[in-house]
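Listed below are the residues making up each chain.
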Amino acid sequence: MVPSHRHSNQQVALQAKRWQGKVSAPEIDKFRGAMDKFNAEFGIFITNSDFTREAVKTAREGTRIITLINGDQICDLVAKYNYYVEPVTTYRLKDFYLDKD
């Protein structure tokens, strides 16, 4: 848990974890408890993996908003902002090699 950051007079809590397997609902509950401790109105939970369906549901419950960012979304953000990456052109072979003569 990163200490809350004040943004426009609102507290934002951020947690980023490298995770084996999917992040479950109890982890979101723990994060919400930390948000309460820091009096954060918004939370952002980032993982390199993904979230269970129950975790997504738990993040949407309650009055405080928790944004979930999974590994695929991290990749999308990195690509969008070209952060420490270079674009690479790839080519996919068509099915010509399967065609019968």
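None of these values were measured; they are calculated from a predicted model. (Residues numbered from 1 in each chain as written. Predicted model: local features only at pLDDT ≥ 70, side-chain atom pairs only at ≥ 80, totals over all residues. Heavy atoms only, no water.)

Participant: Help me get a handle on the nonpolar core, residues and values and all.
Facilitator: With 13 residues, the main nonpolar core has I28, F45, F51, I66 and L68 as its most contacted residues. Of all the secondary structure elements, the ones that give two or more residues to this core are α1 (25-37), α2 (53-60) and β4 (65-69). (Core = buried A, V, L, I, M, F, W, Y, C linked by side-chain atoms within 4.5 Å. Buried < 20%, exposed > 50% of the residue type's maximum accessible area, 1.4 Å probe, protein only. Helix = DSSP H or I, 4+ residues; strand = E, 2+ residues; numbered from the N terminus.)

Participant: Could you give me a rundown of a nonpolar patch on the surface, with the residues and numbers involved?
Facilitator: A cluster of nonpolar residues, L77, Y81, Y83 and Y84, forms a patch on the protein surface that exposes about 570 Å² of accessible area. On the secondary structure map, Y84 appears in the segment after α3 (71-81). (Patch = residues over 30% accessible without salt bridge, like charges linked within 9 Å, V, L, I, M, F, W, Y side chains within 5 Å. Areas by Shrake-Rupley, 256 points an atom, 1.4 Å probe, with all protein chains shown as cover. Salt bridge = Lys/Arg side-chain N within 4 Å of Asp/Glu carboxyl O.)

Participant: Residue-level account of the pattern of salt bridges, with values.
Facilitator: Taken as a whole and assessed by the stated rule, the structure comprises 3 salt bridges. As a salt-bridge pair, K30 and E27 come within 3.1 Å of each other at their nearest N and O atoms. Separated by 3 residues within a single helix, K30 and E27 lie in helix α1, roughly one turn from each other. Through salt bridges that share partners, K17, E27 and K30 make up one connected network.

Participant: Can you lay out the environment of I69 for me, pointing to particular residues and giving the numbers?
Facilitator: Tracing the backbone through its elements, the reader meets I69 in strand β4. Taking the C-alpha atoms as reference points, I69 and T47, 22 residues apart in sequence, are found 6.4 Å from one another. If we skip the residues at most four places from it in the chain, I69 touches I44, F45, I46, T47, F51 and I74. (Contact = heavy atoms within 4.5 Å.)

Participant: Which residues make up the side chain of T47, and what are the values?
Facilitator: With respect to the helices and strands, the residue T47 is situated in strand β3 (residues 42-47). Exposure remark for T47: the relative accessible area of 1% places this residue in the buried category. The residues touching T47, leaving out its near neighbours within four places in the chain, are K17, W19, V23, I69, N70, G71 and I74.

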